[in-house]
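Geometric and topological summary
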Amino acid sequence: MSEGEARQGEGSPQAGAVTVSDIQELIRRKEEIEAQIKANYDVLESQKGVGMNEPLVDCEGYPRSDVDLYQVRTARHNIVCLQNDHKAVMKQVEEALHQLHARDKEKQARDMAEAHEEAMSRNLGQSEDRRPPQAFAKVNSISPGSPASIAGLQVDDEIVEFGSVNTQNFQSLHNISNVVQHSEGKPLNVTVIRRGEKHQLRLVPTRWAGKGLLGCNIIPLQR
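Residues numbered from 1 in each chain as written. Predicted model: local features only at pLDDT ≥ 70, side-chain atom pairs only at ≥ 80, totals over all residues. Heavy atoms only, no water.

Defined as follows: UniProt positions are given in the numbering used here, feature names are shortened, and annotations may be inferred rather than shown by experiment.
The protein carries the name 26S proteasome non-ATPase regulatory subunit 9 in an unreviewed UniProt entry, which gives Canis lupus dingo as its organism. UniProt, in the comment section headed Subunit (unreviewed entry), describes the protein in these words: "Interacts with PSMC3. Part of a transient complex (modulator) containing PSMD9, PSMC6 and PSMC3 formed during the assembly of the 26S proteasome." UniProt lists a comment for the protein under the heading Sequence similarities (unreviewed entry), and it reads "Belongs to the proteasome subunit p27 family."

Put into structure tokens, the structure is as follows:
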């Protein structure tokens, strides 16, 4: 086993436990192997431009005296081993990316199922209580291209639910701010009343070109 293969066996991500850091480490390892391959090719180039296949004996069958045979043989051997290491680490990168994407899809499916169950529960509660939902805040501005705009929020939307914040537990805009700060990169269920109709949106607080994680302004409603 070459030195590169030994390093690949150390700290390789386990199935089902791949993280972005694991993939970054694999890519760093790939780039390191590529640098070593280039360095060995540079050694061959320094020996009269000898490559991987040129003969190392002269026309009479004697070892060539114009090149360092030991350096050439060592560089060729290293290149073969490193190329095998490179194939192995590329396979690891591919498998790790596949696992990461598969896990993201599973999480998205779970989130959608949970959102559906929550929606069904809310619909059941509304069938028992015909009173219209009460809004506690209102959207009064939205920046184009912001996370709020991408989620489908519109100016004058009245907010009935924002993640875990609702009419019953809302006290101030600080409640919404806390939810946003603790949900960066995570989807939030947002329910709004728009022209008398209820709409359910999926809003992901994200850093973008503008200020904040939402790109909209929310004001409380008089209760």
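Now, onward.
**Here we look at the overall build of the protein**
The criterion, for reference: What counts as a helix is a DSSP run of H or I of at least four residues, what counts as a strand is a run of E of at least two, and both are numbered from the N terminus. Each residue is placed in one exposure class: buried if its accessible area under a 1.4 Å probe, protein chains only, is under 20% of its type's maximum, exposed if it is over 50%, and partly exposed if it falls in between. Contacts are assigned to residue pairs that have any heavy atoms within 4.5 Å of one another. Here, Shrake-Rupley sampling with a 1.4 Å probe gives the accessible areas, and only protein chains in the shown set may cover a residue.
Of regular secondary structure, the protein possesses 5 helices and 6 strands. Put simply, the protein runs from its N terminus to its C terminus through helices and strands in the order α-α-α-β-α-β-β-α-β-β-β. Here the protein, with 223 residues, has 32% of them falling under the buried criterion. Restricting to contacts in the protein with at least 6 residues of sequence separation, those with at least 24 account for 63%. When the accessible surface of the protein is summed, it comes to about 14300 Å², and 51% of that surface belongs to carbon and sulfur atoms.

**Considering the nonpolar core**
The cut-off we apply is this: Buried residues of nine kinds, namely Ala, Val, Leu, Ile, Met, Phe, Trp, Tyr and Cys, make up a nonpolar core once their side-chain atoms join them within 4.5 Å.
One finds F136, L153, I159, F162 and I218 to be the most contacted residues of the largest nonpolar core, which totals 22 residues. For this core, the elements supplying multiple residues, two or more each, are β1 (137-142), α4 (147-151), β2 (158-162), α5 (173-181), β4 (188-194), β5 (197-203) and β6 (216-220). Judged by nonpolar contacts, the second largest core, of 10 residues, contains I37, L82, V89 and A96.

**Focus on the pairing of β4**
We count it as follows: One bridge is not enough; two strands pair if DSSP finds at least two bridges between them.
Of all 7 residues that make up β4, 7 are buried, and the element is covered over most of its length. Here β4 shows a buried face lined by L188, V190, V192 and R194 and a second buried face lined by N189, T191 and I193. Taken together, the 4 bridges between β2 and β4 define a ladder with antiparallel strand orientation. Counted as the bridge partner of E158 is I193 from β4. Where β4 lies against β5, 7 bridges are found, and the strand directions are antiparallel. Following the sheet pairing, T191 is matched in β5 by Q200. Two successive antiparallel strands, β4 and β5, enclose a turn made up of 2 residues, where R195 displays a positive phi of approximately 50°.

**Some words on the confidence of the model for the protein**
Where we set the bar: pLDDT measures the predictor's confidence residue by residue and takes values from 0 up to 100.
Here the protein averages 85 in pLDDT, while 87% of its residues score no lower than 70. This stretch, residues 1-15, has a pLDDT under 50; its non-local contacts, to residues over four places away or in other chains, come to 23 contacts.

**What to know about unusual backbone geometry**
Phi at D156 takes a positive value of approximately 80°, unusual for a residue other than glycine. Residue R195 is not a glycine yet carries a positive backbone phi of 50°. Along the chain, the position of R195 falls in the loop between β4 and β5.

**Re the pairing of β2**
When you tally the buried positions in β2, you get 4 out of 5 residues, the bulk of the element. Counting the residues between successive antiparallel strands, the hairpin from β2 to strand β3 (residues 165-166) contains 2 residues, one of them, G163, with a positive phi of roughly 65°.

**As for α5**
Going by this rule: The directions from the helix axis to the C-beta atoms are what the arc is built from.
When we look at burial in α5, the residues that qualify are N175, I176, V179 and V180. The arc enclosing the buried residues of α5, seen along the axis, measures out at 135°, which places them on a common side. Opposite the buried face of α5, at more than 90 degrees from it, the exposed residues are H174 and Q181. Elements that come into contact with the buried residues of α5 comprise β2, β3, β4 and β6.

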